[in-house]
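Observations on the three-dimensional arrangement
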Amino acid sequence: MRGEAVFALDTERAALRLRLAAAALATTLVLLAGERATALAAATIPIYLAGAVVLRYGRMGRLPVARSLVGSALDVVTATATVFSLPLDSPTWILYGFAIANTALWRGPLGVFGATAASILAYDLTLGLRTGEAPVSALWVVQALIAVGLISAELVYSAVRATADRERMRRHGHALRAFAEAKGTQALLDTLRSQILALGAVHVRVGTDQVALQESLAGRPGFVERLPTGQPRFVAVVLPPAIPNAPEIETSARDLILDVAPLVSSSERADHAERLRDAAAHALDALAETPREATEAGTLASLTVAAAAVAGRAAIVRLADGVVMTGDLPNDAAVELARGGGAAALLVGGGSHWSRPVLAKLDARSAIVVTAGQGRGLIALSSDRVLSEQEFALVQRLAHVAGAIADLVRDRDRQRGDAQQLRAESERLGVMLQAREDSVAMAAHELRNPLTSVHGYATLISRNLGAVQDQLTRLDRIISDLLGRTALEKDVADVVKIATEAVGRLRALTGRDAWLIKPDQPALARIDPLRLAQVLDNLLRNAAKYSPETGAITLQIIPGDDEVRFVVQDEGSGIAPDEIEHLFDHGFRSPRLADTTQGEGLGLAVCRQIVEGQGGRITVESPGVDRGSSFTVALPSVRIAIPSGGEETTG
């Protein structure tokens, strides 16, 4: 724009200089004519100068077309008036040359022809008005004007053509420089579009659909040119209507399209190589992470990421039930594409008839379909380009390796699941066996006491035959419990009577005695008498085992309305505070006494099991190590109902 303004200013200055020269020549001719010049000649020159100044500096200068037409008319009229007011033998016809030259500045060769024709017509009109004065020799001026016009037109045409060629070369060089500075295919296409618009085109579009671009012209002047590159592209150019240089714009635009084609092809190859290199790098990174994945889903996700790095989008389909396992693609279209592609296929939008609508649903120009392990299909899609054979081979290798890894991970997970089931079953059987072993151990422990009693009472059979029978009955009951033939029953037991017998057994079997503190009233408890005897024997013998021979053992019975309690107290080794909560655990033995006393740690556990099974509770207290201990058992009591006849019964 700035160059055009400078050119227009220079043209105005040149026109003013030509008019000043014409005025000077006309003044000289008037002075040479002397008295033969009329008053019209003297008046014409000032008017002409005033018109030249107005055309240069007046407001009319803002309208170049009007200015050029008015200026040409002023030049021809001034020359004609001067010719008419001076003698015909004066060379005033030269003033028409200034008019032709001025018109050439503004309108080019066509203006030269027009100004020449107007000058000849005006000169002929002047000759016609002065027929009597004009000699025959004055006609050669017409031939001279024609010659001047032709020479001027040729010179102007040559100058204009040189200027146009220079301008075209300048624009072409500028376009080539812009192409050289553009980085990337898209930048080259954008530069091509801007350069064609700079030539004077109305609109420029670049696309891949030739038919759509042809329709976009909508009857306007223009053309659609194929860009000769690897990827099919077309350039649609809309030319301005009704301008004389439209063919020149079209020729220059086609030249630019041909010039940029090698650069676009080279850029496409570079972009493809760079994209393939980056895709391979991303794919290798993803493939390196694949063996580290702990699950099949993680492995397939890594494969999807690697395939998307190559093409743009990717998904994995399970072919058996048509489920998209990874990736964000429409399920139906993805499954149809995966099943239709088979083991390996490179599909494009203009390919087979069945793939075109499927690719259209997925908004893809091309797709790669390969198998990814057993029963899985990998889909890689590109929305803006046609995938190459190299990319197809890369995706196929990725799918082969990662699919095999996913199959191994799936088999490993299945084996792990089977192993976990076997482990759970083994643990369940182990718990059952341990429970049975615990039951046998507890039963064996409980069998030891009746057998010991039997052995002791056998020596005193003559004195205690009934006690032997009771112990044999108790032994039979424990064996039946071990075999699961009897259930734990709740009966009424005379706590005082059973406690007295337990103290007697302790004295007979161990030689130790125990103080029995009995209540005055009866003490009946809701418990199986044999079970109560078993609990008392365990507590008393436990007290004797962990007490010195001189230590006192006390058994106190405390009846109540709701429960009957009995307390076994000793002066033995005592219990540490951190051992109290574990004392009734199955198999627990104090680390302090494990090496000095015999036992399996089952007696107290049996006592708690019996007492709690009968609805009671058992607790222990100890002041500390070597300060003795106290075991308290509380059982539901049974009140004695006295009937109206005065005979007591239990209820």
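Within each chain, residues carry numbers counting from 1 in the order of the written sequence. Since the coordinates come from a predicted model, pLDDT governs what is reported: local features require at least 70, and pairs of side-chain atoms require 80 or more to be given and counted, while whole-chain, interface and lining totals use all residues. To obtain the side-chain values, all non-hydrogen atoms of the structure were used and water was disregarded.

1. Points about unusual backbone geometry
For Asp-363, which is not glycine, the phi torsion reads 55° and is therefore positive. Only DSSP runs of H or I covering at least 4 residues are called helices, and only runs of E covering at least 2 are called strands; the numbering of each starts at the N terminus. Looking at where Asp-363 falls in the secondary structure, it is placed in the loop between helix H11 (355–361) and strand S7 (366–371). A 1.4 Å probe rolled over the protein chains alone gives each residue an accessible area, and that area as a share of the maximum for its type sets the label: buried under 20%, exposed over 50%, partly exposed in between. On the accessibility criterion, Asp-363 (56% relative accessible area) is exposed. In this structure, Asp-626 is a non-glycine residue whose phi angle is positive, near 65°. The residue Asp-626 is located in the loop between strand S14 (617–621) and strand S15 (629–636) in this model.

2. Overview of the packing of aromatic side chains
What counts as a ring pair is set by centres within 6.5 Å for rings of Phe, Tyr and Trp (its six-membered ring), and what kind of pair is set by the plane angle: stacked under 30 degrees, edge-to-face over 60, tilted for all other angles. Overall, the coordinates contain one aromatic pair when judged by the stated rule. A centroid spacing of 6.4 Å and a plane angle of 90° characterise the contact between Phe-584 and Phe-631, whose relative ring orientation is edge-to-face. Separated by 47 residues along the polypeptide, Phe-584 in the loop between strand S13 (563–570) and helix H16 (603–613) and Phe-631 in strand S15 bring together distant segments of the chain. Across the pair, exposure class does not vary: Phe-584 and Phe-631 are buried alike. Geometrically, a lysine NZ or arginine CZ counts as sitting over a ring once it is within 6 Å of the ring centre and also within 35 degrees of the ring normal. Just above the ring of Phe-223 sits the side chain of Arg-254; from NZ or CZ to the centre is 4.1 Å.

3. Considering the packing of helix H14 (residues 495–510) against helix H15 (residues 529–545)
Only the stretch in contact is used when a helix axis is fitted, and all axes are lines through C-alpha atoms; the angle between N-to-C directions ranges over 0 to 180 degrees. Across the interface, H14 lies against H15 with an axial gap of 9 Å and an inter-helix angle of 40°. Between H14 and H15, the interaxial angle falls into the category oblique. As for how H14 packs across H15, the hand of that crossing is right-handed. Mapping the contact onto sequence places Val-495, Ile-498, Ala-499, Ala-502, Val-503, Arg-505, Leu-506 and Leu-509 in H14 and Pro-529, Leu-532, Ala-533, Leu-536, Asp-537, Leu-540, Arg-541 and Ala-544 in H15. A per-class count over the contact of H14 with H15 returns 13 nonpolar, no polar and three charged. What sets the label is the angle itself: under 35 degrees gives roughly parallel, over 145 gives roughly antiparallel, 65 to 115 gives roughly perpendicular, and the rest give oblique. Left-handed describes a crossing in which the near helix is turned anticlockwise from the far one by less than a right angle; the clockwise case is right-handed. Any two residues whose heavy atoms approach within 4.5 Å at even a single point are treated as in contact. Basically, the charged four are Asp, Glu, Lys and Arg, the nonpolar ten are Ala, Val, Leu, Ile, Met, Phe, Trp, Tyr, Cys and Pro, and anything else, Gly included, counts as polar.

4. Regarding the confidence of the model for the protein
A low pLDDT means the predicted coordinates there should not be read in detail. Of all residues in the protein, 74% have pLDDT values of 70 or greater, and the mean over the chain is 76. Residue-level confidence of the predictor is what pLDDT reports, using numbers from 0 through 100. Here residues 642–651 is modelled with pLDDT under 50, and outside its nearest four sequence neighbours on either side it reaches 14 contacts, counting other chains as well.

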